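A closer look at the structure
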Amino acid sequence: ADFSPYQPDRSDIYWKIGLGLHDVDTSIRSLIKNVPGFSMGGASQFLDIGYLAHLQDPANFTIELLQTTFERNQRVRRELIKKSIGEGAAYPLGQE
């Protein structure tokens, strides 16, 4: 199908989708490893708002990966991951 890539504008009704993840860095590594030809930059701590990263889907829509904890809060992040998957459960995308 022919289509022209979306040009995002903050005045649009839709301009990005956000995904909440317990470990954004591991999710990025998993995407790079498992999606052929995929690449993206790393995440960063945005003030005291959140630890996040952005990527574009094939139609150029923005996808925001937002971590459920700040970058420096490793202990809480490990606890959240453990609670969300349980002991010995299969890991969801990037939560290994």
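About the criteria used
Residues numbered from 1 in each chain as written. Predicted model: local features only at pLDDT ≥ 70, side-chain atom pairs only at ≥ 80, totals over all residues. Heavy atoms only, no water. Salt bridge = Lys/Arg side-chain N within 4 Å of Asp/Glu carboxyl O. Helix = DSSP H or I, 4+ residues; strand = E, 2+ residues; numbered from the N terminus. Buried < 20%, exposed > 50% of the residue type's maximum accessible area, 1.4 Å probe, protein only.

Let's shift gears to the pattern of salt bridges. Applying the stated criterion across every chain, the model contains one salt bridge. A salt bridge links arginine 75 to glutamate 79; the nearest nitrogen and oxygen atoms lie 2.9 Å apart. Here glutamate 79 and arginine 75 lie together in helix α2 (residues 74-85), a separation of four residues that amounts to about one turn. Residue glutamate 79 is classed as partly exposed on the basis of its relative accessible area of 36%.

Okay, the environment of glycine 41 next. On the secondary structure map, glycine 41 appears in the loop between α1 (24-34) and β2 (44-46). For glycine 41, a relative accessible area of 49% puts it in the partly exposed group. For glycine 41 and isoleucine 28, which are 13 residues apart along the polypeptide, the C-alpha to C-alpha distance reads 8.6 Å.

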